[in-house]
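Given next are the chains, with one letter for each unit.
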Amino acid sequence: MISEDNPVTTLHLAIFASGRGSNAQAIIDYFRNHKSIQVRLIVSNKSHAGVLDIAHREAIPSYVIKDRASFEQGKKISKYLSGYKIDYIILAGFLWRIPENLIDRYKQNILNIHPALLPKYGGKGMYGQHVHQAVSAAGEVQSGMTIHLVSPQYDEGKIIFQKTVNINAHEDPKIIAQKVLGLEHRYYPTTIEKYILQHQKTSG
Ligand code: GRF
């Protein structure tokens with residue numbers, strides 16, 4: 001257990017991302033000089049993902065998962081995470097389902113961000129522009145972001161934090177994406193910090 005005033009240990013984050021990694025960058029920036037939380041590893045399933053350039057620039061070790069079948073077994077990635085002493089997994093635009101044994105092992109320690117107000121606009125196939133297109137097509141006048149714990153079902157874990165943003169009915173999905181991304185960068189890092197520090201206190 002750690003406390004904010006007297007950290008006895010550093011907690012290690014692994015960020016899993018499949019794309020450009022703007023959330024990963026925001027998280028790295030936020031924790032750069034943090035006293036008890038450190039981004040220790042970047043994991044991607046795409047060898048050309050922008051997030052890997054960020055890892056390189058930031059001198060953070062990265063790992064590219066090449067084989068989906070082996071990822072789904074969960075053994076190799078689990079070993080890798082142990083090697084880096086990873087305490088929390090942060091999903092930031094990671095498109096593969098997390099293997100059940102990893103969810104079991106990390107239980108309350110895997111967070112995901114979803115670019116809409118769950119439980120609406122979640123589930124299989126609801127990622128990236130698909131989400132914003134659906135929100136626009138439905139004529140919603142509000143969208144937002146959701147940070148939640150990861151369960152074996154897509155987008156169904158306990159919700160930790162949500163923030164809304166006003167949009168126009170049938171707004172261009174690209175504009176919705178921009179507005180939501182602004183919220184993500186602003187609130188994901190601080191929510192991660194708050195959640196982890198609180199979770200450490202209560203989980204002993
Ligand atoms: C974000 O909108 C995130 O909510 C979603 O995928 C997008 C990733 O963007 N799951 P980036 O790679 O962090 O820029």
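In the block above lies the structure referred to throughout.
*Asks:* Looking at this structure, how should I read the site of the ligand?
*Replies:* Lining the immediate surroundings of the ligand are R20, G21, S22, N23, G93, I113, P115 and E184. Interatomic distance of 2.8 Å between a backbone N/O atom of N23 and an oxygen atom of the ligand. In the complex, the protein chains occlude 86% of the 370 Å² of accessible area that the ligand would expose alone. Judged by the proximity of its atoms to the pocket grid, the ligand belongs to the largest pocket. Residue classes in the shell around the ligand are distributed as two nonpolar, four polar and two charged.

*Asks:* Would you explain helix α4 (residues 75–83) in this entry?
*Replies:* Turning to α4, its buried residues number three or more, namely I77, S78 and L81. Along the long axis of α4, the arc covered by the buried residues comes to 100°, so they all point the same way. Facing away from the buried side of α4 by more than 90 degrees, the exposed set consists of K75, K76, K79 and G83. Tucked into the core, α4 has its buried residues touching β1 (11–16), β2 (37–44), β3 (62–64), α3 (68–73), β4 (88–91) and α5 (100–106).

*Asks:* I'm lost on the packing of helix α6 (residues 129–137) against helix α7 (residues 173–203) in this one. Help?
*Replies:* In a pair of packed helices, the angle between the axes and the distance between the axes together describe the arrangement. Taken N-terminus to C-terminus, the directions of α6 and α7 make an angle of 115°; their axes are 8 Å apart at the nearest point. For the element pair α6 / α7, the angle class is roughly perpendicular. In the packing of α6 onto α7, the handedness of the crossing is right-handed. Residues Q129, H132, Q133, V135 and S136 of α6 lie in contact with α7, whose contacting residues are P173, K174, I176, A177 and V180. Here the contact of α6 with α7 is composed, by residue class, of five nonpolar, four polar and one charged.

*Asks:* What's the story with the layout of surface pockets in this structure? I'm lost.
*Replies:* If you roll a probe as big as a water molecule over the atoms, it shows you where there is empty space left. There is about 980 Å³ of room inside the largest pocket. As for the largest pocket, its lining consists of 43 residues, of which G93, F94, L95, Y127 and G128 are closest to the centre. For the lining of the largest pocket, the secondary-structure elements that each account for two or more residues are α1 (22–31), β5 (110–114), α6 and α7. Here the element with the most residues in the lining of the largest pocket is α7; it accounts for five residues. Considered as a void within the structure, the second largest pocket measures approximately 170 Å³ in volume. At the level of secondary structure, the elements contributing two or more residues to the lining of the second largest pocket comprise α1 and β2. Sort the elements by how many residues they give to the lining of the second largest pocket and β2 lands first, with three residues. For the lining of the second largest pocket, a count of residues per class yields six nonpolar, one polar and three charged.

*Asks:* I tried to follow the sheet that holds strand β6 (residues 142–149) on my own but got confused; where do I start?
*Replies:* Read across the sheet, seven strands follow the order β3-β2-β1-β4-β5-β6-β7 without closing on themselves; strand pairing throughout is mixed. Both outer strands of the open sheet, β3 and β7 (159–166), are each paired with one neighbouring strand and no more. The average undirected angle you get between the axes of adjacent strands in this sheet is 20°. This element, helix α2 (residues 50–58), spans β2 and β3 of the sheet and lies at about 140° to β2. Contacts between α7 and the sheet are confined to β1, β2, β4, β5, β6 and β7, with β6 contributing the most and set at about 30° to the helix.

*Asks:* I would appreciate a short explanation of unusual backbone geometry in the present structure.
*Replies:* What is expected of a backbone is that most residues other than glycine have negative phi and most peptide bonds are trans. For the peptide bond that leads from L118 to P119, omega is 10°, which places it in the cis range. The phi angle at K107 is positive, at roughly 25°, despite the residue not being glycine.

*Asks:* How should I be thinking about α6 in this particular structure?
*Replies:* Residue pairs spaced three or four apart in an α-helix point in one direction, given the helix's 3.6 residues per turn. Turning to α6, its buried residues are V131, H132, A134, V135 and S136. Considering only its buried residues, α6 is in contact with β5, β6 and α7. The positive-phi residue at the C-terminal boundary of α6 is G139, with phi of around 75°.

*Asks:* Explain the pattern of salt bridges here, please?
*Replies:* Side-chain pairing between opposite charges can occur once the charged atoms of the two side chains come close. Within this structure, the stated rule accounts for five salt bridges. For E72, the salt bridge is made with R68, and the minimal N-O distance between the two is 3.3 Å. Of this pair, E72 and R68 both sit in helix α3, four residues apart, roughly one helical turn. Among the residues examined, E72 registers a relative accessible area of 47% and is labelled partly exposed. Among the ionic contacts, a cluster of salt bridges with common partners joins D29, R32 and E58.

Parameters and conventions
Residues numbered from 1 in each chain as written. Predicted model: local features only at pLDDT ≥ 70, side-chain atom pairs only at ≥ 80, totals over all residues. Heavy atoms only, no water. Near = heavy atom within 4 Å. Polar contact = N/O pair within 3.5 Å; in protein donor to acceptor, adjacent residues only side chain to side chain. Areas by Shrake-Rupley, 256 points an atom, 1.4 Å probe, with all protein chains shown as cover. 1 Å grid on protein atoms, 1.4 Å probe; cavity = no way out; pocket = protein on both sides within 12 Å on 5 of 7 lines; lining within 4 Å. Sits in = over half its atoms within 2 Å of the grid points. Nonpolar A, V, L, I, M, F, W, Y, C, P; charged D, E, K, R; others polar. Buried < 20%, exposed > 50% of the residue type's maximum accessible area, 1.4 Å probe, protein only. Helix = DSSP H or I, 4+ residues; strand = E, 2+ residues; numbered from the N terminus. Arc of directions from axis to C-beta. Contact = heavy atoms within 4.5 Å. Axes fitted to C-alpha atoms, helices over the stretch in contact; angles between N-to-C directions. Parallel < 35°, antiparallel > 145°, perpendicular 65-115°, else oblique. Left-handed = near helix turned anticlockwise from the far one by under 90°. Points joined across faces, edges and corners; volume = space filled by probe spheres on them. Pairing = 2+ DSSP bridges. Salt bridge = Lys/Arg side-chain N within 4 Å of Asp/Glu carboxyl O.

Structural measurements only, silent on function.
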